[in-house]
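Structural characterization, general
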Amino acid sequence: AQSVTQLDSQVPVFEEAPVELRCNYSSSVSVYLFWYVQYPNQGLQLLLKYLSGSTLVESINGFEAEFNKSQTSFHLRKPSVHISDTAEYFCAVTTTGGGNKLTFGTGTQLKVEL
Amino acid sequence: DAMVIQNPRYQVTQFGKPVTLSCSQTLNHNVMYWYQQKSSQAPKLLFHYYDKDFNNEADTPDNFQSRRPNTSFCFLDIRSPGLGDAAMYLCATSRPPGAGNYGYTFGSGTRLTVV
């Protein structure tokens, strides 16, 4: 079975500063990886995903994540955050071979301050 | 726009009174999921349908049931809600793994309060 670890439950950061949200996964088989963002009382919105190909994936709002197979990581980064980035961020993993089960990490609360 | 729609956004029910949450999709995805998310926790998979095949997670309480009458709709039935069932319930859809542009699309969720 696969699992996800998000080491930081909360990350405070000042506006326009860079940020990295850490995600490590565990799986004995190949995986697909996802980052979702959740605003209060909302559903989950897909931020970006790694399926195959280039290990660096980008979102339309400036976030990027890099799949590192040797370190089993998929950290999320943004070079300059905005107040509107304040939200809960979930890393998630599923296996490529089927099973249809998306397993989430415990989430990281990003709080952007002025 | 193709999407996943959950109704209602907020639901208040009485302790022990059956309640049904609904989910519809216009994506024509094969797989539909129900997740339970309690406050400040990760979403937890309750069950999913692959077309008409129902797959229950081992630790999902019997109090939770689901129906999928057709491709577009899926329902979550809570037969006798307890205070511990208060949570955000998220519906999601996907194509089978390996399908093009594979991914999961989530609805906006239904916040269930039990009084």
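These lines cover the structure that appears in this document, whether it is placed above or below.

The rules behind these values
Residues numbered from 1 in each chain as written. Chains lettered and ligands numbered in written order. Predicted model: local features only at pLDDT ≥ 70, side-chain atom pairs only at ≥ 80, totals over all residues. Heavy atoms only, no water. Core = buried A, V, L, I, M, F, W, Y, C linked by side-chain atoms within 4.5 Å. Buried < 20%, exposed > 50% of the residue type's maximum accessible area, 1.4 Å probe, protein only. Helix = DSSP H or I, 4+ residues; strand = E, 2+ residues; numbered from the N terminus. Contact = heavy atoms within 4.5 Å. Salt bridge = Lys/Arg side-chain N within 4 Å of Asp/Glu carboxyl O. Polar contact = N/O pair within 3.5 Å; in protein donor to acceptor, adjacent residues only side chain to side chain. Nonpolar A, V, L, I, M, F, W, Y, C, P; charged D, E, K, R; others polar.

A short note on the nonpolar core
Residue and element names in this part refer to chain A. Judged by nonpolar contacts, the single largest core of 27 residues is most densely connected at Trp-35, Leu-48, Phe-74, Leu-76 and Tyr-89. Where this core is concerned, the elements lending two or more residues are strand S2 (10-14), strand S3 (19-21), strand S5 (31-38), strand S6 (44-50), strand S8 (64-68), strand S9 (73-78), strand S10 (87-95) and strand S12 (108-113). Among all residues touching Leu-76, those that are not within four sequence positions of it are Val-19, Glu-20, Leu-21, Trp-35, Leu-47, Leu-48, Phe-63, Glu-64, Ala-65 and Tyr-89.

Some words on the interface of chain B and chain A
Counting from both sides, the interface comprises 26 residues of chain B and, opposite them, 21 residues of chain A. Scanning the region where chain B abuts chain A turns up 1 salt bridge. As a salt-bridge pair, Glu-57 of chain B and Lys-101 of chain A come within 2.8 Å of each other at their nearest N and O atoms. Applying the counting criterion to the chain B and chain A interface returns 8 residue pairs in polar contact (both at pLDDT 80 or more). Counting only elements with at least two residues in the side of chain B that touches chain A, the list comes to strand S4 (31-37), strand S5 (44-50), strand S9 (87-94) and strand S10 (104-106) of chain B. Among the residues making up the side of chain B that touches chain A, the classes are represented as 15 nonpolar, 8 polar and 3 charged.

Details of the environment of Gln-6 of chain A
Residues and elements named next belong to chain A. Mapping Gln-6 onto the fold places it in the loop between strand S1 (3-5) and S2. Distance in space between the C-alpha atoms of Gln-6 and Asn-24 is 6.6 Å, their sequence separation being 18 residues. Not counting residues up to four positions away in its chain, the partners in contact with Gln-6 are Arg-22, Trp-35, Tyr-89, Phe-90, Cys-91, Gly-105, Thr-106, Gly-107 and Thr-108. Only 3.0 Å separates the side chain of Gln-6 from the backbone nitrogen of Cys-91, close enough to count as a polar contact.

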